[in-house]
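A look at the structure
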Amino acid sequence: MNLVNGKIISGAECDDVLEKIDEMITATLCKPLLDVNTVMNACDYLACNIESLEVINRLPELGVSNRLAEMYLGQIKEMLSAEALKNRIKTELGDAYDKPRTLTYLHSGATAVQMIAPLGVLFHITAGNVDGLPFVSVLEGLLTGNINIVKLPKEEGGITVSLLEELFKVEPSLREYVYVFDYSSKDIYAMNKLAKVADAIVIWGGDEAVKAVRSLADPNTKIIEWGHKISFAYVTMNGINNDSLERLAENICLTNQLFCSSCQGVFLDTDDMEEIYTFCEMFLPILERISYRNPIALDSASELFAKAQVTLQLYHAKIENRNSDSRIFRGRDCSISAYSDSILEPSIMYRNIWVKPLKKEKIISLRPYKGYLQTAALICSDDEHDDVSRNLLQTGLVKISDGFDMSNYAFGEAHDGVFTLRGYTKLVSVQK
């Protein structure tokens, strides 16, 4: 789906826009800077009326479970409120983000005005693992005054375009600051054309996607990477309790392990495989119960789920002979694979996790994965928490939480350890 100047356009019209996009963007850049208050007020109106939007009511049809849809509604409503947006901007850009400061040059004594300015044009190449991610990425670009070009992921479902249309109804002046295209990443001509008009390319994806963008971009084009990350749970023997494990199971089932912050597996503070097996036997019925309570929405995800099940069967057939210590604990619509190694790896998702041994004193052995680490759910006793947290953070992780809040968002929280809005702006100075 393509959206230009607030209107959905066909593929043929899209190609026409592509040929004159540089001219269109230049015209917008020649206008006064986008006022952040205009963006915040439009978002606030949207937040106050979010329950009435058709796209929100269609989330279950798009494969989002009812429970997750409720959570999304609450998050979107709060995230779009003017108060939350203003607090976020102040947190990330400083209290005086909209107030220029005076600089004095050495020797001459002359003065200049320094201010925060947008980068100019952002080209967002987004991933499809988080519902509505392109909309959030565009919103961050608008808050910093940028023009935003978006390449939608293949499986997007129309959430982003629907939300943008609603935003443009509230504030039509924002239309010229957003271009949405559904070009394939394999369309080299289109991708090159869009990349050349951008001051920065925002890439959400894994190593291959980042490599492709690096080859696509000019040497002087800034690349902002939000790469794929891996998250896990770390559990000590003294910290095991049903409530904490249930909250961890909630994260696994609600996210289906699709997010960078989702739990892929569990490292247990032990080097005894018998304790690994005992933990798996204890956790499996909890995971089954939570999974049964939160069934996967199959209407639009049935094909993907079927593929996952096939992958699971093939994977099990392959790893049952991985080594003599490997065991598979199968449950209804979920499974736990016990391994004796301490290698960090993605799971096969959809409620199929791994459990591995990793003693506290060996946590630092995860440091070689530092570029891929994001969140760890820490389940331990109170007197262990500080020491284990410190050890985990030394590996390169940027967030420690309980099991449920692994994929939850706290306002003012950084993304992958950095503030997003800072990356979308620059400091400029003007001498008068």
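A brief look at the structure comes next.

Parameters at a glance
Residues numbered from 1 in each chain as written. Predicted model: local features only at pLDDT ≥ 70, side-chain atom pairs only at ≥ 80, totals over all residues. Heavy atoms only, no water. Helix = DSSP H or I, 4+ residues; strand = E, 2+ residues; numbered from the N terminus. Rg over C-alpha atoms; globule rule 2.2 N^0.38 Å. Buried < 20%, exposed > 50% of the residue type's maximum accessible area, 1.4 Å probe, protein only. Contact = heavy atoms within 4.5 Å. Areas by Shrake-Rupley, 256 points an atom, 1.4 Å probe, with all protein chains shown as cover. Lys, Arg positive; Asp, Glu negative; His and termini not counted. Charge placed at Lys NZ, Arg CZ, Asp CG, Glu CD. Pairing = 2+ DSSP bridges. Right-handed = clockwise from strand over helix to strand, strands pointing away.

**Considering the overall build of the chain**
Along the backbone of the chain there are 14 helices and 17 strands. Scaling as 2.2 N^0.38, a compact globule of 432 residues should have a C-alpha radius of gyration of about 22 Å, and the chain matches this with 24 Å. For the chain, the spread of C-alpha atoms along the principal axes amounts to about 70 × 60 × 45 Å. Of all 432 residues assigned to the chain, the portion counted as buried reaches 49%. Sequence separation of at least 24 residues holds for 73% of the intrachain contacts in the chain that already meet a minimum separation of 6. A total accessible area of about 20500 Å² is found for the chain, and carbon and sulfur atoms account for 51% of it. On the chain, the mean spot of the 43 positive side-chain charges and the mean spot of the 59 negative ones are 4 Å from each other.

**Side note on the pairing of strand S10 (residues 230-235)**
The buried fraction of S10 amounts to six of the six residues, a majority that puts the element mostly inside the structure. Of the two faces of S10, the one lined by Ile230, Phe232 and Tyr234 and the one lined by Ser231, Ala233 and Val235 are each fully buried. Looking at chain direction, S10 and strand S15 (residues 373-379) are connected through five bridges and run parallel. Looking across to S15, one finds that Ile230 is bridged to Leu373. Two strands pair when backbone bridges link them, and S10 and strand S11 (residues 263-268) are joined in this way by four bridges, in the parallel orientation. Within S11, the position partnered with Ser231 by the bridge is Cys263. Taken together, S10, helix H10 (residues 242-255) and S11 form a β-α-β motif whose crossover is right-handed.

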